[in-house]
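What the coordinates show
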Amino acid sequence: MNRIIKIIFLDILKNKIVLGYTLILALLSWSSFGLEDNSAKGLLTILNVILFTVPLVSILFATIYLYNSSEFIELLLSQPIKRKKIWLSLFLGLSLSMVAAFFIGAGIPLLINAPDSVGLMMVIVGCLISLVFVALAFLSSILTRDKAKGIGISIMSWLFFALLFDGLVLFLLFQFSDYPIEKAMVAVTAFSPIDLARIQILLQLDVSAMMGYTGAIFKDFFGTAIGLSVSFLLLCLWVIIPFWVSLEKFKNKDL
Amino acid sequence: MKKIFYILLLFSSILQAKVIEVGTNKPIKSIQKAIVLAKVGDTVLVHKGHYKEGNIIINKRIVFIGKNYPILDGQKKYEVLSIKADGVIVRGFKVIKSGYATLEDPCGIKVYNKNNVVIQNNILDDNFFGIYIQNGANCIVKNNKVSAYGKEEQRIGNGIHCWKSDRLQIISNTISGHRDGIYFEFVTNSTIKGNFSTKNIRYGLHFMFSNDDAYISNVFKNNGAGVAVMFTRRVKMVNNHFEENWGDAAYGLFLKEISDSFIIGNKFAKNTSGIHMEGTSRILVQKNSFEANGWGMKIQASCMDNEIQNNNFVGNTFDISTNGSLVLNTFNGNYWDKYEGYDLDKNGVGDVPFHPLSLFSVITENNPSAMLLFRSFMITLLDKSEKILPSITPDNFIDKKPLMHSLPL
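This structure is a prediction, so every number in the text was calculated from the model and none was measured.

Procedures and definitions
Residues numbered from 1 in each chain as written. Chains lettered and ligands numbered in written order. Predicted model: local features only at pLDDT ≥ 70, side-chain atom pairs only at ≥ 80, totals over all residues. Helix = DSSP H or I, 4+ residues; strand = E, 2+ residues; numbered from the N terminus. Rg over C-alpha atoms; globule rule 2.2 N^0.38 Å. Contact = placed C-beta atoms within 7 Å. UniProt positions renumbered as here; feature names shortened; annotations may be inferred. Buried ≥ 20, exposed ≤ 12 C-beta atoms within 10 Å, placed from the backbone. Pairing = 2+ DSSP bridges. Right-handed = clockwise from strand over helix to strand, strands pointing away. Nonpolar A, V, L, I, M, F, W, Y, C, P; charged D, E, K, R; others polar. Expected span 1.5 Å × (residues − 1). Axes fitted to C-alpha atoms, helices over the stretch in contact; angles between N-to-C directions. Parallel < 35°, antiparallel > 145°, perpendicular 65-115°, else oblique. Core = buried A, V, L, I, M, F, W, Y, C linked by C-beta atoms within 7 Å.

**Remarks on the overall build of chain A**
In terms of regular secondary structure, chain A is built from 12 helices and 0 strands. The N-to-C order of helical and strand elements in chain A reads α-α-α-α-α-α-α-α-α-α-α-α. Against the compact-globule benchmark of 18 Å for 255 residues, chain A has a radius of gyration of 19 Å, which places it among compact chains. The dimensions of chain A, computed from C-alpha atoms along their principal axes, are 60 × 45 × 30 Å. Counted over contacts in chain A with a minimum sequence separation of 6, partners at least 24 positions apart contribute 76%.

What follows is the structure, given as structure tokens:
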């Protein structure tokens, strides 16, 4: 298994896209920290990168990579290796490279320029988000054999989580604003990994505003040790469940 | 000539104030007795010890000095020290454990309708009310340490409580754990300077119906609800620090029905709301720094003719929010770190006006739960389009001359 991971990892390094991604992240982070004298704006830039760019690149790159390596997968399948092992090593190889790219590109400048709870939280959350969207890529690429369709599904799911979901939540908020929906809203966020990530960072970044009335409700949940572990657990579930579903499908897939 | 000199000397020896010493190994062991023996102008010097004498009443003009902080213990039953004479000086005592009663408000040290009293360098610990000046004038409260351990508002009094007084000076005191750190009601022409008020249950400073006062260089930190200044005219608030006042009803500075006042050179950091204004008018807010607050300023629509100029707004979640569309206040020459305009003529002033009111601050004002969506990409998009074409936020809510660089404050 380690050898397959190694082969995939080296293959990804060879095609230079991930290197480019790392470079762009690094450029963005260093320049945004360097432009302003206070680190707040740099943090905001990286927050947007985490919530927007990282999911997009992770899901698109992983989906396309999976489709392009279908022949390699078939080759592997002809060997006496378990399907589970192949799929898992593919996942680990891909997610390792995406996480490494994020960590080197954005994580290191973050930890150097904002070495506090905000920076640390952003690094952890960014890595988790990379994992989540790689897992979603696995799911979308296993759903259909058609490459265009698969990439379409992955772009749609990114669009949904990055933009549409929040629009829907905003709509719900206004429709039900006469009801005490704060607690229900906390539950709703569990349905979007990007929201989970955003709120965790928000609680570190905008702690003063979050101490206000409704903020306090969110803080009471997400800010406590239990809430923190629950939201991290949920993020991990967002990695595990899509990947597990794709794994089950891959096991029985007629190639 | 010599005769006159001797006569004068004789007189001066008669007029000279006596020093009556009180202590465990001195002839007089009781403070009460010493006060009875003392004449106007005498000094009662109390040596180190633990004195449980119930309510000590000073009813003549004496100098009352403690050496090495003798403890005056109210045993949770009595008011400890009652001052009922003009010109009394109280210095160097440790006053502890006053009684608790809601009708009489027993205090550590209380001044009853007297003037020119000086309360200095005392330590007050675990009292119901700390220092209470009732209907006094020209009194000085200086360098005292007032602490208590209140858990709920109803069970604890204020640190330094001043009522219906004039020309007071409250200087360099440290107050913690009371209901309100410093409380002013109907107090005029007074100064509050250099105090440190922290961890009080309600307000660090509570200020009502007190005209023509100034508070300068105080630090109000981590109080239950910050600082409240209400129903007052002509207040000067200069160089104070308002920090870490967190909670829904917590404000760095809460202004209600204030007019003709100055807020200059203060620092508001890490509060849920830096300044909350309600019904205030003709206030000059100048050269303050607002840093890392949830809301820099909340200006309700009931405020008018306030001038907000030359302030720094840095790292706040929302710089400004309001609850209406009426704009009767002016913003000029502030530095906003959220400003994205340009400065073609390089004069340090941005060429396009800044809208300090973001769409999302209006949305959260109407629907607080929307806070959950803050910093979402969707919201950022909406905010951007609102900045270009204001539809929900009032389009005349602008700073015409936003600064490009922060002011050195």
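**Considering the UniProt feature "transmembrane region" (unreviewed entry) in chain A**
The sites that UniProt annotates as "transmembrane region" (unreviewed entry) are residues 12-33, 45-67, 87-112, 118-143, 155-176 and 221-245 of chain A. Regarding residues 118-143 of chain A, the helix share stands at 100% and the strand share at 0%, and the terminal C-alpha atoms are separated by 37 Å.

**A few points about the environment of Ile 56 of chain B**
All names here are of chain B. Inspection of the secondary structure puts Ile 56 in strand E4 (residues 56-58). When the 23 C-beta atoms within 10 Å are taken as the criterion, Ile 56 is described as buried. Considered as a pair, Ile 56 and Pro 402 are 346 residues apart in the sequence and their alpha carbons are 60 Å apart. Non-local contacts of Ile 56, meaning those with residues more than four positions away in its chain, are made with Ile 31, Gln 32, Leu 72, Val 80 and Leu 81.

**Some thoughts on the UniProt feature "domain: Carbohydrate-binding/sugar hydrolysis" (unreviewed entry) in chain B**
Residue and element names in this part refer to chain B. Feature annotation in UniProt places "domain: Carbohydrate-binding/sugar hydrolysis" (unreviewed entry) on residues 38-185 and 210-352, given in this structure's numbering. A helix fraction of 0% and a strand fraction of 45% characterise residues 38-185, whose end C-alpha atoms lie 34 Å from each other. End C-alpha atoms of residues 210-352 are separated by 41 Å, and the span's content is 0% helix alongside 50% strand.

**Digging into the pairing of strand E2 (residues 43-46) of chain B**
Residues and elements named next belong to chain B. Only one face of E2 is buried: it carries Val 44 and Val 46, and the other face, with Thr 43 and Leu 45, is open. Relative to E2, strand E1 (residues 19-22) runs parallel, the two sharing 4 bridges. When the sheet's bridge partners are listed, Val 22 is paired in E2 with Val 46. With respect to chirality, the unit in which E1 leads through helix H2 (residues 31-37) into the neighbouring parallel E2 is right-handed. In terms of strand pairing, E2 meets strand E5 (residues 63-66) through 4 bridges, oriented parallel. Bridge pairing links Thr 43 to Val 63 in E5.

**Observations concerning the interface of chain A and chain B**
Size of an interface: often given as the accessible area lost when the parts come together. The interface is formed by 32 residues belonging to chain A together with 27 residues belonging to chain B. Top contributing element to the side of chain A that touches chain B by residue count: helix H7 (residues 147-175) of chain A, with 8 residues. For the side of chain A that touches chain B, the per-class residue count stands at 19 nonpolar, 9 polar and 4 charged.

**A word on helix H2 (residues 17-35) of chain A**
Compared with the 27 Å implied by 1.5 Å per residue over 19 residues, the 27 Å span of H2 of chain A between its first and last C-alpha is a close match. Tucked into the core, H2 of chain A has its buried residues touching helix H1 (2-14), helix H3 (39-68) and helix H5 (83-113) of chain A.

**Let's talk about helix H3 (residues 359-366) of chain B**
Residues of H3 of chain B that are buried include every one of Phe 360, Ser 361, Val 362, Ile 363 and Thr 364 of chain B, and no others. Tucked inside the fold, the buried residues of H3 of chain B contact strand E36 (318-321) and helix H4 (377-388) of chain B.

**Describing the packing of H3 of chain A against helix H9 (residues 193-205) of chain A**
Residue and element names in this part refer to chain A. Interhelical geometry of H3 versus H9 gives an angle of 170 degrees and a closest axis separation of 11 Å. By the angle between their axes, H3 is roughly antiparallel relative to H9. Contacts between H3 and H9 pair Leu 43, Leu 47, Ile 50, Leu 51 and Pro 55 from the former with Ile 194, Ala 197, Arg 198, Ile 201 and Leu 205 from the latter. Partitioning the contact of H3 with H9 into residue classes produces 9 nonpolar, no polar and 1 charged.

**Overview of the nonpolar core**
Within the largest apolar cluster, 174 residues are counted, with the highest numbers of intra-cluster contacts made by Ile 50, Met 122, Val 132, Val 134, Phe 138 and Ala 197 of chain A together with Ile 131 of chain B. When near neighbours in sequence (up to four residues on either side) are disregarded, Met 122 of chain A contacts Ile 46, Leu 47, Ile 50, Leu 110 and Ile 201 of chain A.

**Overview of unusual backbone geometry**
All names here are of chain B. Even without being glycine, Asn 113 reaches a positive phi, approximately 50 degrees. For Asn 113, the location among the structural elements is in the loop between strand E10 (107-112) and strand E11 (118-120). In this structure, Phe 186 takes a positive phi of about 55 degrees despite not being glycine. Assessed through the 14 C-beta atoms surrounding it within 10 Å, Phe 186 is described here as partly exposed.

**Regarding the environment of Leu 163 of chain A**
Mapped onto the fold, Leu 163 of chain A is located in helix H7. Assessed through the 16 C-beta atoms surrounding it within 10 Å, Leu 163 of chain A is described here as partly exposed. Residues Leu 163 of chain A and Ile 24 of chain A, 139 residues apart in the sequence, show an inter-C-alpha distance of 23 Å. For Leu 163 of chain A, the contacting residues outside a window of four places in its chain are Phe 377 and Met 378 of chain B.

**Some words on the pairing of strand E19 (residues 182-188) of chain B**
All names here are of chain B. With 6 bridges connecting them, strand E16 (residues 160-166) and E19 associate as parallel partners. Looking across to E19, one finds that Trp 163 is bridged to Glu 185. Examined bridge by bridge, E19 and strand E22 (residues 205-208) share 4 bridges and lie parallel to one another. Counted as the bridge partner of Glu 185 is Met 208 from E22.

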